[in-house]
Amino acid sequence: MSHYAYFVAGALVLVGGFGIARSRNLVHATICLSIAQAGTYVLLMAVGYQTNAPAPVFGSTAKPTKQVVDPVVQSLCLTDIVVSATVTALLLALSIQIAKRHDTVDPDELVALQG
Amino acid sequence: MSRTARMWLLGLGLIGVGVCYALAALDLPSFGSTFHPYRDMAVPAAVAHGAANAVTSIVFDQRGLDTLVEEIILFGSVIGAVALLRPSREEQEHGPSPMGRVLEPTRLLGYVMLPTTLVIGVDVVTHGHLTPGGGFQGGVILATGLHLLYVAGSYQALDRLRPVALFEHGEAIGAAGFAILGIAGILTSAAYLTNMLSYGTLGQMFSAGTVPILNAIVGVEVASGVIVLLARFFDQAVLLGHQRESISVPQPGELR
Amino acid sequence: MMTAVVGLALTLVLFAGVAVVLTSDPRRQAVTLSLFGLSLTVLFIVLQAPDVALSQLAVGTAFVPLMVLLAVSKIRGGR
């Protein structure tokens, strides 16, 4: 069971993909995309984890040492979380525009490139 | 393709991806192992550059170019969303509909937490190189803290205390400031975004060179970007309405 | 070797993620998404990543659900 974290990460990505494909509402699909992205964050953080190691922040009580959790993957996740939230905002703005133009947010009813 | 056929295809795809991923994940180092080569190089470099928070050092110092690109992505998606949320020709502004009563405890909580959250946001931004935090986190805290005005008060209160043009300028200044500070690196030692100020002692307020400055710049940019984004969403949801010919009841709005 | 706390946090995240996907109404999904963000924050804290946890907390519990509710309100009512 030492690979449980990787299993959870992969399951989140697959569940998110399943949600997007099965969705009947564009906003629902956008939120499922966030779930899939969260799966990738869990995978990255799981790769960087070391058992019984502290966080990579040093101070007066935590002397600089090499036995900390990997800070490189944390830096990747950190900026990615904020930036992908703004990309989610872009997708929601797209959904609003589609609702205004086509009166529906059901992907099955949106026939592409129609007038 | 019918929906059932699509679902079968989806199932096949998910199973295929799942099997490939499982085979790959079994080859990864086991969860919690001590094999982290990037950490063994990054943490001593962060300490040598005087940053007590190794993650912030990596984000703004060792991988500063990646952060510049991420910031530009943020800037671009805010521009895209604002462009998409422009009022269309048929939409007219009507004032926000009169809100229901806000509960007194909510109002008290909002008015107590608003200055607290703003101060915490500024603290998280400025101490990003010493404690967990930084420009990205502090910027979002500042922006969402400001919207406690909407939760505890009314939309008019938020509108009065949130000059959107100022925040649009703030976002542009933040995005440009990061790029321009990189050029200062070229002027001193021939590499873009070099950390050219003195590193100081670990744990002091003015340490880690350009990292606190970049933190503040990114904090301004992220906070302004999120406020502008939410302002456009609020405009669409609260202010604008569509005049439809099929509705016989006249809209109760006036043009602002 | 995985401690019980990490295993519990991972299981909580998985259940919350499945709950978000299975909620079909986007207005309800905003609430479940907020809870998913909170469980993800707890997981990141348990994995010794306070920066990432702060980021996820600010974004996933306040910013994204607010935007989702505003978008749904616009799509539903104000077309």
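For clarity, every value in this text was computed on a predicted model and none was experimentally measured.

Observations concerning the overall build of chain B
- Looking only at helices and strands, chain B features ten helices and two strands.
- Ordered by position from N to C terminus, the α and β elements of chain B give α-α-α-α-β-α-α-α-α-α-α-β.
- Relative to its length of 256 residues, chain B is extended, with a C-alpha radius of gyration of 24 Å against a globular reference of 18 Å.
- Principal-axis analysis of the C-alpha atoms places the extent of chain B at approximately 70 × 55 × 40 Å.

What about the overall build of chain C?
- Check the secondary structure of chain C and you find three helices and zero strands.
- For the C-alpha atoms alone, the extent of chain C along its principal axes is close to 55 × 25 × 10 Å.
- Residue burial in chain C is summarised as follows: out of 79 residues, 56% are buried.
- For chain C, long-range pairs separated by at least 24 residues make up 51% of all intrachain contacts whose partners lie at least 6 apart in sequence.

Points about helix α4 (residues 64–84) of chain B
- The first and last C-alpha atoms of α4(B) sit 30 Å apart over 21 residues, in line with the 30 Å expected at 1.5 Å per residue.
- Among all positions in α4(B), only Gly64(B), Thr67(B), Leu68(B), Glu70(B), Glu71(B), Leu74(B), Phe75(B), Ser77(B), Val78(B), Ala81(B) and Val82(B) are buried.

Observations regarding the interface of chain B and chain A
- With 48 residues of chain B at the contact, the number on the chain A side is 41 residues.
- Sorting the residues of the side of chain B that touches chain A by element identifies α1 (3–25), α2 (37–48), α3 (54–62), α4, α6 (135–146) and α10 (211–239) of chain B as the ones contributing at least two each.
- For the side of chain B that touches chain A, a count of residues per class yields 29 nonpolar, 15 polar and four charged.

Looking at the packing of α4(B) against helix α9 (residues 164–189) of chain B
All names here are of chain B.
- Where α4 meets α9, the axes come as close as 10 Å, and the angle between the chain directions of the two elements is 155 degrees. For the element pair α4 / α9, the angle class is roughly antiparallel. By crossing handedness, the relation of α4 to α9 is classed as left-handed. Residues Leu 68, Glu 71, Ile 72, Phe 75 and Val 78 of α4 lie in contact with α9, whose contacting residues are Glu 171, Ala 175, Phe 178, Ala 179 and Gly 182.

Some points on α2(B)
- With twelve residues, α2(B) extends 18 Å between its outermost C-alpha atoms, agreeing within 8% with the 16 Å of an ideal straight helix rising 1.5 Å per residue.
- Of all the residues in α2(B), the buried ones are Arg39(B), Ala42(B), Val43(B) and Ala46(B). Down the axis of α2(B), the buried side of the element spans an arc of 100 degrees, and every buried residue falls inside it. Exposed side of α2(B), more than 90 degrees from the buried face: Pro37(B), Asp40(B) and Ala48(B) are the residues found there.
- Next to the buried residues of α2(B) lie α3 (71–102) of chain A together with α3 of chain B.
- Once α2(B) ends, the next one or two residues include Gly50(B), with phi positive near 80 degrees.

Quick word on the interface of chain C and chain A
- Of the residues lining the interface, 35 residues belong to chain C; the matching set on chain A comes to 43 residues.
- Among the elements of the structure, α1 (4–22), α2 (26–46) and α3 (50–77) of chain C are those that each provide at least two residues to the side of chain C that touches chain A.
- In terms of residue class, the side of chain C that touches chain A is built from 25 nonpolar, seven polar and three charged.

Section: the confidence of the model for chain C
Residue and element names in this part refer to chain C.
- With 95% of its residues at a pLDDT of 70 or more, chain C shows a mean pLDDT of 91.
- By mean pLDDT, α3 is the weakest element of chain C at 92, and α1 is the strongest at 95.
- Per the prediction output, this complex has pTM 0.90; the corresponding ipTM is 0.90.

Here is what the cut-offs are and how they apply
- Residues numbered from 1 in each chain as written.
- Chains lettered and ligands numbered in written order.
- Predicted model: local features only at pLDDT ≥ 70, side-chain atom pairs only at ≥ 80, totals over all residues.
- Helix = DSSP H or I, 4+ residues; strand = E, 2+ residues; numbered from the N terminus.
- Rg over C-alpha atoms; globule rule 2.2 N^0.38 Å.
- Buried ≥ 20, exposed ≤ 12 C-beta atoms within 10 Å, placed from the backbone.
- Contact = placed C-beta atoms within 7 Å.
- Expected span 1.5 Å × (residues − 1).
- Nonpolar A, V, L, I, M, F, W, Y, C, P; charged D, E, K, R; others polar.
- Axes fitted to C-alpha atoms, helices over the stretch in contact; angles between N-to-C directions.
- Parallel < 35°, antiparallel > 145°, perpendicular 65-115°, else oblique.
- Left-handed = near helix turned anticlockwise from the far one by under 90°.
- Arc of directions from axis to C-beta.
- pLDDT = per-residue confidence, 0-100.

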